[in-house]
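# Structure assessment
Residues per chain, in single letters:
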Amino acid sequence: MTILALETSCDETSAAVVRAGKVLANVVSSQISLHAEYGGVVPELAAREHLKNLLPVAREALHAAGVSPAQLDAVAATQGPGLPNALLVGLKAAQALAFVLERPFVGVNHHEAHLYSPWITGGDDSLAADFANFQPNVSLIVSGGHTLLVLVAAELKHRVLGGTIDDAAGECFDKTGKLMGLPYPAGPVIDRLAEQGNPTAHDFPRPLLHDASDDFSFSGLKTSVRYFLRDHPALLDDRQQVCDLCASVQAAIIEVLVKKTVRAARREGVRCVTASGGVTCNRALRKELERACRQHGLTLRLAEKNLCTDNAAMIGILAERKLRANVPPTPLDEEIKPGWALA
Ligand code: KG4
Ligand code: ZN
């Protein structure tokens, strides 16, 4: 089965071609530089940029895969959650293509797709999804918009354990970075500066760390950084002090993410932890998850860095599994679901 998948839920325009669990092509056009001058994603600009980029990106993916539209067996797209006008571009294009080709269309939940991105592994010339080694797992999804812990009991079978009650982890990186005068998105910058800093220099709060729930909260941490900088404004003039601050903020975010993920995995009795989403690019988070999982005898599967951030490969891989499992295709007149929460 050959599938073209489109992803336009936020600020990445992506198209992928998958066949029999293999990613034949995965093209991603990021809008980061466009939104950087505004300090965050501007929804209307994102939608217009998707309109401009979608066809060239899709053409490039088909070309790289050596597949013509007529050879497609199905078309998939992210249906939600995401920015409404951004979602509309990919969903309506995919539905129109499915209509013309008279092929099934699959509308995919973006977060459900993230659950499978850690199973897409580096192959020789293309990426293959490693479903043969699939294990029940607790999956951490951490991005600029979301922080979710999900129990994935089996393929296509999952239950949300918890999520953020305010800011997402990536948002916390970006907003505290903004307070420090760092460019958007601040996550990768903090990652680099923290490497030269002392993570125990400042003791920031670890919100909900000892709370019995699997929920997260990061806005209090951001506020405490704001007050800290109000009281120590000169600190930003000293590079080493900025590095120490970055390392300390990062350590607080990571400790909460790692401890709560491992605790949930042990409580649920799974032996595997997975992680994906833009924040999973963070090197200290990857290292700390590795250390904690090793300590507790858990297998860890981290999404490869280019598949941590938003991509259509994970949309296509999930769409194919759904069609193979006889999940009915999505009607061509179904609308976007901007607030589609994972159950
Ligand atoms: O998944 P993603 O590309 O987009 C969505 O939000 O859906 O995630 C982007 C987020 C941003 O908040 C960015 O600062 C964060 O991921 N991020 C990082 C790193 N790379 C990206 N945060 C910490 N360390 C990184 N290396
Ligand atoms: Zn995402």
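Presented here is a report on the structure given in the accompanying data block. Please read these numbers as outputs of a predicted model, since none were measured by experiment.

This brings us to the nonpolar core. Grouped together as the largest cluster of nonpolar side chains are 49 residues, with contacts concentrated most on Phe218, Ile253 and Leu257. Elements represented by at least two residues in this core include exactly β8 (137–142), β9 (147–154), α5 (169–179), α6 (186–194), α7 (219–231), α8 (239–268), β11 (272–276) and α9 (283–295). With 15 residues, α8 is the largest single contributor of residues to this core. Contact partners of phenylalanine 218, with chain neighbours within four places excluded, come to Thr147, Thr164, Asp166, Asp167, Ala168, Ala169, Cys172, Ile253, Val256 and Leu257.

With that out of the way, let us pick up the pattern of salt bridges. Evaluation of the coordinates by the stated rule reveals 20 salt bridges. For arginine 283, the salt bridge is made with glutamate 195, and the minimal N-O distance between the two is 3.3 Å. Within this pair, whereas arginine 283 is found in helix α9, its partner glutamate 195 is found in the loop between α6 and α7, the two being separated by 88 residues in sequence. Take arginine 283: its relative accessible area is 32%, and that puts it in the partly exposed class.

In this structure, β9 lies alongside strand β10 (residues 157–163), joined through 6 bridges in antiparallel fashion. Bridging from a neighbouring strand, leucine 151 pairs with arginine 159 of β10. Counting the residues in the hairpin turn of β9 and β10 gives 2 residues, including leucine 156, whose phi is positive at 65°.

A word on the pairing of strand β12 (residues 299–302). If a strand is regular, its side chains alternate between the two faces of the sheet. The pairing of β11 with β12 spans 4 bridges and is classified as parallel. Looking at the pairing, threonine 274 lines up with arginine 301 of β12. With respect to chirality, the unit in which β11 leads through α9 into the neighbouring parallel β12 is right-handed.

Moving on, we come to the sheet that holds strand β2 (residues 12–19). Across the sheet, which stays open at both edges, the 7 strands sit in the order β5-β4-β1-β2-β3-β7-β6 with mixed pairing between neighbours. Edge positions in the sheet fall to β5 (105–109) and β6 (120–121), since each of these pairs with one other strand and no more. Bridge count for strand β1 (residues 2–7) against strand β4 (residues 74–80) is 4 bridges, and the pairing is parallel. Across the sheet, residue leucine 6 finds its bridge partner in β4, namely alanine 77. Lying over the sheet, helix α3 (residues 84–101) contacts β1, β4 and β5, oriented at roughly 155° with respect to β4. The sheet strands contacting helix α11 (residues 313–324) are β1, β2, β3 (22–30), β4, β5, β6 and β7 (127–129), and the helix crosses β1 at an angle near 135°.

The rules behind the values
- Residues numbered from 1 in each chain as written.
- Chains lettered and ligands numbered in written order.
- Predicted model: local features only at pLDDT ≥ 70, side-chain atom pairs only at ≥ 80, totals over all residues.
- Heavy atoms only, no water.
- Core = buried A, V, L, I, M, F, W, Y, C linked by side-chain atoms within 4.5 Å.
- Buried < 20%, exposed > 50% of the residue type's maximum accessible area, 1.4 Å probe, protein only.
- Helix = DSSP H or I, 4+ residues; strand = E, 2+ residues; numbered from the N terminus.
- Contact = heavy atoms within 4.5 Å.
- Salt bridge = Lys/Arg side-chain N within 4 Å of Asp/Glu carboxyl O.
- Pairing = 2+ DSSP bridges.
- Right-handed = clockwise from strand over helix to strand, strands pointing away.
- Axes fitted to C-alpha atoms, helices over the stretch in contact; angles between N-to-C directions.

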